[in-house]
Amino acid sequence: MSTKKFTALLAGAAMSALAVSAALAAAASPAAGAYKAPLNAYGQPDLEGTWTNASLTVLERPKEYGNRRAMTDEEVKKVEGDDAKLMADGNKPTDPNVKTTDLPHDCGRGFSGAGCGYNSAWIDPGSTVMRVNGEPRTSFITDPADGHLPPYKPGVVQTSMYVRAHYGENPENQTLAERCLTSFGYSAGPVMLPLLYNNNYEFAQSKDTVAIVVEMVHDVRIIHIGAKHRTDGARPWMGDSIGWYEGPTLVVETTNFPEATALRSAWKELKVTERFTRAGPHRILYQFKAEDPTVWDRPWSGEYEFSSSKGRIFEYACHEGNYALEGILSGARADEAAAAEKAKAAAANKTAAATPAASGTKKQ
């Protein structure tokens, strides 16, 4: 072997050894530039502040994305561009004489008819798709791989069916949101999901408690650190949440849900596990897992990121001027009265048809 070739081999071996050493060092220590969350006065990861989860990404993945977790650049441009057009259309002046029957059949975001009565000044659904560590997501759900909830087990009755069957009968049969008691949709959670507007949250921490103030209908989630689940049979709204810290992450486990705040028809045996991790100065990685063996064959899970929100949260005074509930009940009474009149008229016509016509002849 020549001296030149031997020197080259030694150099190659030295470079390989350096590469292995570097790889081992990287595996044994945090990645360069990894974010280290600040700690609060109690030595816990500091999550305090005002945050938002407003996003154009939805919980379940639209079919066109298949099993893809991330959008392409072109898809991102289309989704965000289409939403910008909707917002621009919604900012145009509205004819004060327009009737609900004149509203578009479909105005986007799943709304139609009377649901198109909001213009852009009243909504705040976000203007960008959700990104997790910079990756634009097609859905919040990541497992199952298709981005959809698992199928319901045979015989599961969806909790919304009762409301539909008794809609408008009395205030107590209406949803908690319509009664201004809890948030619309599932804003407070868990799982915490964004809505058409009011997607802001304020986190406050003490040594033994974490409170999450929810802008929508002023809900407050209380998480008891180091506690055990209650055993008195009570099922508070938003469930019974206990938590603990695992390094930089707040882990929250919630059980004892009431039927009134069921998550996609699951409540009695439902358990939701959430993980909150500061991923940057203005980002919190939110991961969730929902399981109920009486409703689904398997758990489902997902993730998204909260981003910091400017300012403080003001009270959402849902009860002030809430004429919607009165209108719902009044409309139901009007429908009942109209149905009663229709039934009365039908009965009268039936009686008239069954009565023999006068013969016009006299008895002898």
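Data block above holds the structure.
Residues numbered from 1 in each chain as written. Predicted model: local features only at pLDDT ≥ 70, side-chain atom pairs only at ≥ 80, totals over all residues. Heavy atoms only, no water.

## A word on the nonpolar core
Going by this rule: The set of buried Ala, Val, Leu, Ile, Met, Phe, Trp, Tyr and Cys residues whose side-chain atoms join them within 4.5 Å is what this entry labels a nonpolar core. Exposed residues in this analysis have more than 50% of their type's maximum accessible area, buried residues have under 20%, and partly exposed residues fall in between, with area computed by a 1.4 Å probe over protein chains only. Helix and strand labels come from DSSP, where a helix needs a run of H or I of at least four residues and a strand needs a run of E of at least two; each type is numbered from the N terminus. When checking whether two residues touch, look at their non-hydrogen atoms; a contact exists if any pair is within 4.5 Å.
Formed by 41 residues in total, the largest nonpolar core has its most connected members in F276, W300 and F306. With 5 residues, the top contributor of residues to this core is strand β11 (residues 283-291). Here W300 is in contact with L59, I141, D143, P144, L149, P150, V191, L263, F288, K289 and A290, once residues within four sequence places are set aside. Grouped together as the second largest cluster of nonpolar side chains are 8 residues, Y197, M216, V217 and C318 included.

## Some points on the state of the cysteines
Selection rule: When two cysteine sulfur atoms lie within 2.5 Å, the pair is treated as a disulfide.
Evaluation of the coordinates by the stated rule reveals 1 disulfide. Two residues, C180 and C318, share a disulfide whose sulfurs are 1.9 Å apart. Disulfide C180 to C318: torsion about the S-S bond roughly -60 degrees, handedness left-handed. Highlighted residues: C180 in the loop between α3 (160-165) and β5 (200-205) and C318 in the loop between β12 (300-308) and α4 (324-354), separated in sequence by 138 residues. Exposure remark for C318: the relative accessible area of 10% places this residue in the buried category.

## Comments concerning the packing of aromatic side chains
Formally: A pair of Phe, Tyr and Trp rings is counted when the ring centres sit within 6.5 Å of each other, with Trp represented by its six-membered ring. The angle between the planes then sorts it: under 30 degrees is stacked, over 60 is edge-to-face, the rest tilted.
Applying the stated criterion to the full structure yields 12 aromatic pairs. Aromatic pair F203 and F306: ring centres 5.9 Å apart, planes at 75 degrees, arrangement edge-to-face. Here F203, found in strand β5, pairs with F306, found in strand β12; they are 103 residues apart in sequence, far enough to count as distant. You can call F306 buried: its relative accessible area is 0%.

## What to know about the layout of surface pockets
Basically, it comes down to this: The way it works is a 1 Å grid over only the protein atoms, where trapped points that fit a 1.4 Å probe form a cavity and open points with protein on both sides within 12 Å along at least five of seven lines form a pocket, and then any residue with an atom within 4 Å of a point lines it. Grid points are joined across faces, edges and corners, and a volume is the space filled by probe spheres set on the points. Each residue is assigned to one of three groups, with Ala, Val, Leu, Ile, Met, Phe, Trp, Tyr, Cys and Pro labelled nonpolar, Asp, Glu, Lys and Arg labelled charged, and all others, Gly among them, labelled polar.
In this model, the second largest pocket occupies a volume close to 560 Å³. Residue lining of the second largest pocket: 25 residues in total, with G90, C116, G117, Y118 and N119 positioned closest to the centre. Residues of the lining of the second largest pocket, tallied by class, amount to 12 nonpolar, 8 polar and 5 charged.

## Here we look at helix α2 (residues 73-90)
One turn of an α-helix holds 3.6 residues; hence residues three or four places apart share an orientation. Which entries qualify depends on this criterion: The length a helix should cover is 1.5 Å for every residue beyond the first. This arc is taken over the directions from the axis of the helix to the C-beta atoms.
In this model, α2 (18 residues) spans 26 Å end to end at C-alpha, consistent with the 26 Å of a helix rising 1.5 Å per residue. Every buried residue of α2 is listed here: V76, E80, D83 and G90. Buried residues of α2, seen end-on, are gathered within an arc of 75 degrees and therefore sit on one face of the element. In α2, the exposed positions angled more than 90 degrees off the buried face are occupied by E74, K77, K78 and K85.

## Examining the side chain of N53
Within the fold, N53 resides in the loop between β1 (49-52) and α2. Ignoring sequence-local partners within four residues, the contact set of N53 consists of M130, M192, L193, P194, N199, Y201, Y304 and F306.

## Side note on the pattern of salt bridges
Selection rule: Salt bridge, as used here: a side-chain nitrogen of Lys or Arg that lies within 4 Å of a carboxyl oxygen of Asp or Glu.
For the structure shown, the criterion picks out 16 salt bridges. The partner of D82 in a salt bridge is K78, with the nearest N and O atoms 2.8 Å apart. Of this pair, D82 and K78 are both found in helix α2, 4 residues apart, which corresponds to roughly one turn of the helix. Judged by relative accessible area, D82 falls into the partly exposed class, the value being 31%. Residue K78 is classed as exposed on the basis of its relative accessible area, which comes to 54%. Where R333 meets E336, a salt bridge forms, and the shortest distance between an N and an O atom there is 2.9 Å. Of this pair, R333 and E336 both sit in helix α4, 3 residues apart, roughly one helical turn. Connected via shared salt-bridge partners are R69, E135, R137 and E303.

## Some details on α4
Look at α4: 45 Å from first C-alpha to last across 31 residues, which is about the 45 Å you get at 1.5 Å a residue. Those residues of α4 that sit buried are L325, L329 and A332.

## Things to note about the pairing of β5
Each regular strand shows side chains that alternate between the opposite faces of the sheet. Just so we agree on the cut-off: A pair of strands is considered paired only if DSSP assigns at least 2 bridges between the two.
Counted residue by residue, β5 has 5 buried out of 6 residues, so it is predominantly covered. Summarising the sheet, β1 and β5 pair through 4 bridges and their orientation is antiparallel. Paired with T52 across the two strands is N200, which belongs to β5. The sheet contact formed by β5 and strand β6 (residues 209-214) spans 5 bridges and is antiparallel. By the bridge assignment for β6, A204 is matched with A211. The antiparallel hairpin formed by β5 and β6 contains 3 residues in its connecting segment.

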